[in-house]
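Spelled out from the first residue to the last, the chains are:
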Amino acid sequence: MGVDIDRIEFDDNDYRQFQLTLSEQLLLLKKTLANPNFGNTPPSIGAELELYIIDKQGKPLPKNEQLLSLAQNSQLTPELNSYNIEYNTPPCPTSRSPFHTLENKIVDELQSLNQHASTLNARIVPIGILPTLTPSDFGPHCMTQRKRYHALVSQLIRQRGGDFEIDIDGKSPLKFNLADITLEGANTSFQIHHQVSPKHYADTYNALQLMTPLAIAIGANSPTLFGHYLWDETRIPLFKQSIDTRHLDRYEWNEPARVNFGHGWLREGAYELFSESVNLYSPILPICTSEKVLEKKRQPPELSELQLHQSTVWLWNRPVYDSTDNGHLRIEMRALPSGPTSIDMIANAAFLIGLAEGHREQINEILPAIPFQTAEYNFYRSAQYSLDANLIWPNAKLGYKRQCIIDIIDDNLPIAEKGLASIGIETDEINNYLSIIQQRISRKQNGAIWQKKMLNKLNQRLDMKASLHEMLELFIKNSQRNIPVAEWEIK
């Protein structure tokens, strides 16, 4: 969605031409991936960090364009809602200490953004869902005034043909209808990009899918919306429901949700995922930009339309094709929340990548013991209960049974350590970030649990609205000091 779009409305011919181009580019992609020279570039790790802009009272402040103008940084982009902004880190080579490098870049950028924001009487906060949001913060008035966002909103509304319905259970369930998709902007995430060789793609992707629930549980940071206690990682159901264009009918065929965990274990490689997106999902933004003759000659091809279409199908672990230099493939890990701190986000990333790489070689021995539907079940239960979740997990000694997620994470930490070492990460860096994960297990505290505990204490003397604002101020204070969330006190 980073491309500029010059129009909002499309006709039947636009959709036909775009669909034909997608079919042609799928063939080009298959040919490109078969080239032994494709993907032979040094691997790297990068990230996208979505952030809130808030005022001195802790309310969302719609000034992302003004902040961009002040920052003059090409690595910053506006998000759908005008109080959100995204920082795209430069990729770091996957060797020695990429995670420490990424952490330093994020710390520096947050400091710089806060300096610029102060001139607007604003602040920057990395948090999965801003706890002080109210329903009045959503609607057409809060959108960033860029055509690509208006085009996306217009087309999703057209497909939906009615209000988008939010129905999330929890301690105090929430039901809510909105005429547009701006509630999607309540979610801010920390998206990791992990470069993977074509020959290892299927095994790495499957291992990542299996292990993502563990990273969600340890990193959850979004327990409330509009003062309702919901899931520990409320972003997961909220994002899915806020842009769900389907009207489900148990007796009719329904297009799969555009936000989803996937459709099965990957069998051969990345091509399957791109082919699924083209064949299962109708285009939303049918904009043809490639010159076909040049596209066939360019090596590797850019595949602009395929990449644009892929950006409108939001898999929690999404394949990315990049034609830069000799070209490469990445996995974009989209399930982790923004915040609470730079060091916590990087620890989450290191843990998840380590798990995927540590399990990759034996993943095909594990998968027969865990059906894909069970992995999907684990994904949602981890988002719902985080460190209180019980997952269905294969175990060589105990068999296929329900287990406490804390025990599963504890058992898998040595595998994450092995996985990080296998891609060349220095021992000190491995120990540093995995010790933060271990500390959260020992103290049973992630961002979501801290927020709930703090709110419960504040609610003893304040009403819910005041408690949410006070909790946010304490969150910001700890976050800016970059103290791991497991060490945050409840006082």
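Residues numbered from 1 in each chain as written. Predicted model: local features only at pLDDT ≥ 70, side-chain atom pairs only at ≥ 80, totals over all residues. Heavy atoms only, no water.

(A) Main features of the environment of asparagine 390. Considering the arrangement of structural elements, one finds asparagine 390 in strand S15 (residues 390-395). Judged by its relative accessible area of 37%, asparagine 390 falls in the partly exposed class. Taking C-alpha positions, asparagine 390 is 4.5 Å from cysteine 404, a pair spaced 14 residues apart along the chain. Excluding anything up to four places from it in sequence, asparagine 390 contacts Tyr377, Arg402, Gln403 and Cys404. (Helix = DSSP H or I, 4+ residues; strand = E, 2+ residues; numbered from the N terminus. Buried < 20%, exposed > 50% of the residue type's maximum accessible area, 1.4 Å probe, protein only. Contact = heavy atoms within 4.5 Å.)

(B) The arrangement of unusual backbone geometry in detail. Between glycine 339 and proline 340 the backbone carries a cis peptide bond, its omega angle lying at 0 degrees. With respect to the helices and strands, the residue proline 340 is situated in the loop between strand S14 (328-333) and helix H10 (342-360). Although it is not a glycine, leucine 303 adopts a positive phi angle of roughly 55 degrees. Here leucine 303 is to be found in the loop between helix H8 (292-297) and helix H9 (304-310). Even without glycine at this site, aspartate 325 takes up a positive phi of about 55 degrees. Tracing the backbone shows aspartate 325 in the loop between strand S13 (317-322) and S14.

(C) Looking closely at the environment of asparagine 482. Residue placement: asparagine 482 occurs in the segment after helix H16 (464-480). For the pair formed by asparagine 482 and valine 107, sequence separation is 375 residues and the distance between their alpha carbons is 8.2 Å. When neighbours within four sequence positions are excluded, asparagine 482 is seen to be in contact with Glu103, Val107, Thr341, Ser342 and Ile343.

(D) Main features of the side chain of threonine 132. Residue placement: threonine 132 occurs in the loop between strand S5 (123-125) and helix H4 (147-160). Taking the relative accessible area as the measure of exposure, threonine 132 reaches 6% and is therefore buried. Setting aside residues no more than four positions away along its own chain, threonine 132 makes contact with Gly58, Lys59, Asp137, Leu468, His469 and Leu472.

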